[in-house]
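In case you want the letters, here they are:
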Amino acid sequence: MTRIDGRATDQLRPVRMTLGYQSFAEGSVLIELGKTMVLCSVTFEERVPPFLKGSGEGWVTAEYSMLPRSTLTRTPRERTSAGRSQEIQRLIGRSLRAATDLTAFGERTLTVDCDVIQADGGTRTAAITGAYIALYQAFHTLRKKAILRGNPLSKMIAATSVGLVGGEHMLDLCYEEDYRADVDFNVVMTDKQEFVEIQGTAEHRAFSREDTDALLGLADKGIQKLFQMQRQVLKDLA
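Below is a short write-up of the structure. All values reported here derive from a predicted model rather than from experimental measurement.

## So, the environment of F24
Of note, F24 is situated in the loop between β1 (15-19) and β2 (27-33). A residue is classified by how much of its surface remains accessible, and F24, at 81% relative accessible area, is exposed. Residues F24 and S41, 17 residues apart in the sequence, show an inter-C-alpha distance of 9.3 Å.

## Focus on the sheet that holds β2
Strands sit in the order β1-β2-β3-β5-β4 across an open sheet of five strands; the sheet is mixed. Edge positions in the sheet fall to β1 and β4 (59-66), since each of these pairs with one other strand and no more. Between one strand axis and the next, the sheet turns by 15° as a mean value, whatever way the strands run. Looking at chain direction, β1 and β2 are connected through five bridges and run antiparallel.

## A word on the nonpolar core
Core analysis: the largest hydrophobic core is formed by 62 residues, its most contacted members being I92, L110, C114 and Y132. It is helix α2 (residues 123-144) that contributes the most residues to this core, 12 residues altogether. Contact partners of L110, with chain neighbours within four places excluded, come to V42, T43, F44, W59, V60, T61, F105, L135, A138, F139 and L142.

## Re helix α1 (residues 83-97)
Along its 15 residues, α1 runs 21 Å from first to last C-alpha, staying within 8% of the 21 Å computed at 1.5 Å per residue. Every buried residue of α1 is listed here: S85, I88, Q89, L91, I92, G93, S95 and L96. Buried residues along α1 sit in contact with β4, β5 (109-118), α2, β6 (157-165), β8 (183-190) and β9 (195-202).

## Here we look at the pattern of salt bridges
Under the definition given, this model contains 13 salt bridges. Two residues, E177 and R7, come together in a salt bridge whose shortest N-O distance is 3.5 Å. Highlighted residues: E177 in helix α3 (residues 175-180) and R7 in the segment before β1, separated in sequence by 170 residues. R7 matches E177 in its accessibility class, with the two residues each being buried. Residue E46 pairs with R108 through a salt bridge whose shortest N-O separation is 3.1 Å. One end of the pair, E46, is in the loop between β3 (36-45) and β4; the other, R108, is in the loop between α1 and β5, and 62 residues separate them in sequence. Judged by its relative accessible area of 57%, E46 falls in the exposed class. Three or more residues joined by partner-sharing salt bridges are found here, namely R3, D5, R7, R13, D172 and E177.

What counts and how
Here the residue index of a chain counts from 1 through its sequence in written order. Whole-chain, interface and lining totals are the exception, using all residues; otherwise, since this is a predicted model, local features are given only for residues with pLDDT of at least 70 and side-chain atom pairs are given and counted only at 80 or more. Side-chain numbers come from the whole structure's heavy atoms, not from hydrogens or water. In this description a helix means any DSSP run of H or I spanning at least four residues, a strand means any run of E spanning at least two, and both kinds are numbered starting from the N terminus. Exposure is judged per residue with a 1.4 Å probe applied to protein chains only, and the accessible area is read against the type maximum: over 50% gives exposed, under 20% gives buried, and values in between give partly exposed. When DSSP finds two or more bridges between a pair of strands, those strands are recorded as paired. Between N-to-C directions, angles cover 0 to 180 degrees, with each direction set by a line fitted to C-alpha atoms, over the stretch in contact for helices. We define a nonpolar core as any set of buried Ala, Val, Leu, Ile, Met, Phe, Trp, Tyr and Cys residues linked to one another through side-chain atoms lying within 4.5 Å. A contact between two residues is defined here by any heavy atoms of the two lying within 4.5 Å. Each helix should span, by expectation, one fewer than its residue count multiplied by 1.5 Å. Just to be clear on terms, a salt bridge is a Lys or Arg side-chain nitrogen sitting within 4 Å of an Asp or Glu carboxyl oxygen.

Okay, here's the thing in structure tokens:
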């Protein structure tokens with residue numbers, strides 16, 4: 001089956017990761033997957049949420065939003081996080097915390113802001129993949145400033161989307177494919193071959209165990225390629 005952009009069914013869109021995109025953030029990256037573009041930046045603060053005060057643990061959290069003309073028609077600017085944005089930013093935060101030793105940096109908070117500049121499907125998975133890079137750079141910055149001694153990240157994190165479109169299992173869905181998908185998954189993994197989150201939905205029809213296995217295998221293949229790209233981008237920060 002020929003895809004809209006001519007890719008093979010098991011092929012990622014062209015990926016570009018620009019490290020240090022913002023000058024003032026502790027860590028930042030602009031991640032591009034095809035036409036989807038997400039800016040991820042990290043802020044470090046000497047405080048934690050009230051429920052962690054006195055615990056000795058730090059916190060990693062995220063915020064997610066879409067710029068008004070990131071979409072084909074204008075999306076109203078969010079004054080407070082809408083339901084979809086809240087769900088996505090919680091997913092990003094959970095994913096990052098799965099790879100982070102929260103006891104390694106004291107009662108401090110790192111907030112990852114993920115702003116969608118342009119949306120053509122896969123914004124949440126792009127945000128997770130980019131957020132890991134920005135967080136890694138932030139921890140590197142804090143080590144250089146002697147605020148931290150080690151790297152609290154013990155694993156890598158990346159994510160992608162997969163789906164069943166026109167009877168075909170496909171990797172990294174663009175918007176049009178996602179819109180037409182009978183089934184779509186968002187998959188988050190570590191580089192230890194662990195799943196952090198699997199979000200699977202039957203949009204138009206139920207799916208089988210065989211479909212699930214095939215889609216997860218396809219997601220794993222794509223995520224392994226994303227790990228390779230992350231390592232390349234971060235190689236000078238080791």
